[in-house]
Amino acid sequence: MGRMKFLCDIERCIDCSGCVVACKEGNHIPVRVNRRRVITIGQGQPGEKSISVACMHCSDAPCIAVCPVDCIYQRDDGIILHDKEACIGCGYCFMACPFGAPQFPSGQVFGARGSMDKCTFCAGGPEETFSVKERKLYGQNRIAEGKVPLCAAMWATKSLLAGDADEVSDVYRERVFKRGSGANAWGWNKAYKNR
Amino acid sequence: MKKILLPGLILFWAMTGLAIAQTPENLTTAYRQFNALFTGEWQQYGELFTNLQKNLFPRLFLLVITTIPVFLFLHYIAIGPMSFPHDGKRVYCYNLFVRIIHWMAALSFSLLVLTGFVVIFAKLLGPGYLGITARTVHLVSAVIFSIAAIPLFLFWIKEMLPALYDLQWLMIMGGYLNKEKKPVPAGKFNAGQKMWFWLATVGGGAMAVTGYFLYSHPGNIDILRLSAIIHNFLGAAMVALFLVHIYMALAATKGSLQSMIHGYKAEAELKILHPKFKY
């Protein structure tokens, strides 16, 4: 069995937020919840870089360790999913997560948080695969359809790679081999400045 | 010459190294900057919270609600309760206002403890909607408790101020370790009651503040992590003293519960347990 991973090639990411929109619209994510977000450094300056981040689907994940309901679990392929119907919205996973991946929709009684929502790697949840309930609670189950997650599929610059770790690293290694990396990478400088 | 050459060379390397590190083209630098924005100082409180919640908090609460009742039960069968004649002279100790706010605080606090345990042992007690309801009840009870605790605090603060003889009371554990009816050093409230009072009011205030953060999720996640840690440790201490308080009122001193219902205490009881109380 493979190990599912995301990899964001920061030399290709242009902060178009296509991944965020694709995820939000395609999975009908509640308002104020972002399963995926883009971080930019040195915005507006030469050498600006962006990275798209979501749940990292960690090994030995802190969220699984702290959940008092034990509703978060890891599949054999490394994808971390959770049971929204068991979740009590205590927020411990949010506090334990280094990446701020777990999100909570507001708007319940007394402004209480509802069940946690996070990136599912487009692999649904514990409900029956392709059921209406699964789609309503967790969004699309594209992994079961044999497709990559929505964010990785919609990417204009093909910067976000998702899938089996070995395949992803092969694609990335070939890419880096062809175009170089860091200061040698193809980009503005090599194309125009150093001519 | 060599003396200048070596530091000069090191300086040169360091400068070029710095220059490379500062160019945004360098991926390591970029990832380092991303990490600072992405994970922040997770190792500081995030790791601490994760380890405490994973290894300590549920076990701590389990320990508190299992060992303390066992010790109290052992005390009950080994030493037994104290009883005093209640047919003699009676002294008016608690007025109606204090009794009402005491029971308001008592009821809401009991709810806080129960719903708190639903969240801590959510897997067993209340997954899903039950747990979310428990959290809502926890919030409402916390507000009621805060409303009751503030006048209670102001009403009793003078009599609850620590005194030197409280240390003596603690040394002999309030005379509860034997059946002798010897006067113990205590005013209107003994050292045990004082400890419970300060923990429930000042500690309760800290619980209210940290609980508000945990409920409302403020912007800074480190505040949230610290709040969770403080809330759990203080909660364990409060549950422990809460159990002792219930035992003392219901079982350890026969008829002492009546004083919080009618407001009167037996003078015979006061002479032994609260001899320094001037009424």
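What counts and how
- Residue positions within a chain follow its written sequence, with the count starting from 1.
- The lettering of chains begins at A and the numbering of ligands begins at 1, in the order of writing.
- It should be noted that, the model being predicted, local features are given only for residues of pLDDT at least 70 and side-chain atom pairs only at 80 or more, the latter also being counted only at that level, while totals for whole chains, interfaces and linings use all residues.
- To obtain the side-chain values, all non-hydrogen atoms of the structure were used and water was disregarded.
- Each helix is a run of H or I in the DSSP string that is no shorter than four residues. Each strand is a run of E no shorter than two, and both are numbered from the N terminus.
- Throughout, the radius of gyration refers to the C-alpha atoms, and the reference size of a globule is 2.2 Å times the residue count to the power 0.38.
- Throughout, exposure labels follow a simple rule: accessible area from a 1.4 Å probe, protein chains only, divided by the maximum for the residue type, with under 20% read as buried, over 50% as exposed, and the rest as partly exposed.
- Contacts are assigned to residue pairs that have any heavy atoms within 4.5 Å of one another.
- Surface exposure here means Shrake-Rupley accessible area, sampled with a 1.4 Å probe, where a residue is shielded only by the protein chains that are shown.
- Neither His nor the chain termini are counted; the positive set is Lys and Arg, and the negative set is Asp and Glu.
- Charge coordinates come from a single atom per side chain, which is NZ of Lys, CZ of Arg, CG of Asp or CD of Glu.
- A quick way to say it: buried area is the sum, across both parts, of accessible area lost when two parts are put together, with a 1.4 Å probe.
- In what follows, salt bridge is the name for a side-chain nitrogen of Lys or Arg lying within 4 Å of a carboxyl oxygen of Asp or Glu.
- Polar contact is defined as a pair of N or O atoms within 3.5 Å, subject to the rule that within protein one atom must be able to donate a hydrogen and the other to accept it, and that residues adjacent in sequence are counted only when both atoms are side-chain atoms.
- In this classification, the charged set is Asp, Glu, Lys and Arg, the nonpolar set is Ala, Val, Leu, Ile, Met, Phe, Trp, Tyr, Cys and Pro, and all remaining amino acids, among them Gly, are polar.
- Domain borders in the structure are assigned automatically or taken from a domain database.
- All axes here are fitted lines through C-alpha atoms, helices being fitted over the stretch that makes contact, and every angle between N-to-C directions spans 0 to 180 degrees.
- Reported orientations rely on four angle classes, namely roughly parallel under 35 degrees, roughly antiparallel over 145, roughly perpendicular from 65 to 115, and oblique for the rest.
- In this scheme the handedness of a crossing depends on how the near helix is turned from the far one: anticlockwise by less than a right angle means left-handed, clockwise means right-handed.
- To define a nonpolar core, start from buried Ala, Val, Leu, Ile, Met, Phe, Trp, Tyr and Cys residues and group those joined through side-chain atoms within 4.5 Å.

**Student:** Please set out the overall build of chain A residue by residue, giving values where relevant.
**Tutor:** The helix and strand inventory of chain A stands at seven helices and six strands. Written out in order from the N terminus, the α and β elements of chain A read β-α-β-β-α-β-β-α-α-α-β-α-α. Taken over C-alpha atoms, the radius of gyration comes to 18 Å for chain A, in line with the 16 Å a tight globule of 195 residues would show. Overall, the C-alpha framework of chain A stretches about 60 × 40 × 30 Å when taken along its three principal axes. In chain A, which comprises 195 residues, the proportion classed as buried is 53%. Within chain A, counting contacts between residues at least 6 apart in sequence, those at least 24 apart form 52% of the total. Surface exposure of chain A reaches about 9500 Å², of which carbon and sulfur atoms provide 53%.

**Student:** How would you sum up the overall build of chain B? Please name residues and give values.
**Tutor:** When its secondary structure is counted, chain B shows 11 helices and two strands. Walking chain B from its N terminus toward its C terminus, one meets helices and strands in the order α-α-α-β-α-α-α-α-α-α-α-β-α. Here the C-alpha atoms of chain B give a radius of gyration of 28 Å, more than 25% beyond the 19 Å that 2.2 N^0.38 yields for 279 residues. Structurally, chain B occupies a C-alpha span of about 100 × 55 × 35 Å along its principal axes. Split into buried and exposed, the 279 residues of chain B put 41% on the buried side. Across chain B, the fraction of contacts at a sequence separation of at least 24, relative to all contacts at a separation of at least 6, is 80%. Split by element, the accessible area of chain B, about 15800 Å² in all, is 73% carbon and sulfur. Measuring between centres, the 22 positive side-chain charges of chain B sit 4 Å from its 10 negative side-chain charges.

**Student:** How would you sum up the interface of chain A and chain B? Please name residues and give values.
**Tutor:** At the junction of the two partners, chain A supplies 48 residues and chain B supplies 38 residues. Regarding the contact of chain A and chain B, the summed buried area is about 3600 Å², with carbon and sulfur atoms giving 67% of it. Three residues stand out in chain A for area buried against chain B, namely Ile88(A), Met95(A) and Arg113(A), and they jointly supply 20% of the buried area on that side. Between the two partners, chain A and chain B, sit one salt bridge. The residue Lys123(B) makes a salt bridge to Asp70(A) at a minimum N-O spacing of 3.3 Å. Inspection of the region where chain A meets chain B yields 10 residue pairs in polar contact (both at pLDDT 80 or more). Looking at the side of chain A that touches chain B, the elements with two or more residues in it are strand E2 (37–41), strand E3 (49–53), helix H2 (62–66) and helix H3 (92–96) of chain A. Each residue belonging to the side of chain A that touches chain B can be placed in one class, and the counts come to 31 nonpolar, 10 polar and seven charged.

**Student:** Lay out unusual backbone geometry in plain terms, naming residues and giving numbers.
**Tutor:** All names here are of chain A. One non-glycine residue, histidine 28, lies in positive phi territory at about 50°. Note that histidine 28 resides in the loop between helix H1 (18–26) and E2. Judged by relative accessible area, which is 61%, histidine 28 ranks as exposed. At phenylalanine 130, a position not held by glycine, the phi torsion is positive, near 70°. Note that phenylalanine 130 resides in the loop between H3 and helix H4 (132–138). Here phenylalanine 130 falls in the exposed class, since its relative accessible area comes to 52%.

**Student:** Before we move on, can you summarise the domain arrangement of chain B with the specific residues and values?
**Tutor:** One frequently used descriptor of interface size is the decrease in accessible area upon assembly of the parts. Here the domain parsing of chain B yields domain 1 (1–38) and domain 2 (41–273). Its C-alpha centre places domain 1 of chain B at a distance of 57 Å from the equivalent point of domain 2 of chain B.

**Student:** Lay out the packing of helix H4 (residues 96–120) of chain B against helix H9 (residues 221–252) of chain B in plain terms, naming residues and giving numbers.
**Tutor:** Residues and elements named next belong to chain B. The N-to-C vectors of H4 and H9 enclose an angle of 130°; their axes lie 12 Å apart at closest approach. Between H4 and H9, the angle is such that the two are oblique. Remark: the crossing between H4 and H9 carries left-handed chirality. Counting all contacts with H4, which are made through His102, Phe109, Ser110, Val113 and Phe117, the residues of H9 involved are Met238, Val239, Phe242 and His245. Residues that form the contact of H4 with H9 fall into these classes: six nonpolar, three polar and no charged.

**Student:** Explain the nonpolar core to me, and be specific about the residues and the numbers.
**Tutor:** Residue and element names in this part refer to chain B. Ranked by size, the top nonpolar core spans 49 residues in total, and within it Phe61, Tyr94, Phe109, Phe117, Trp156 and Leu273 carry the most contacts. Put simply, the parts of the chain that give this core at least two residues each are helix H3 (42–78), H4, helix H6 (129–160), helix H8 (191–216), H9 and helix H11 (267–273). At nine residues, H9 tops the list of elements feeding residues into this core. With sequence-adjacent residues up to four places away left out, tryptophan 156 is seen in contact with Tyr94, Val98, Phe189, Phe197 and Met260.

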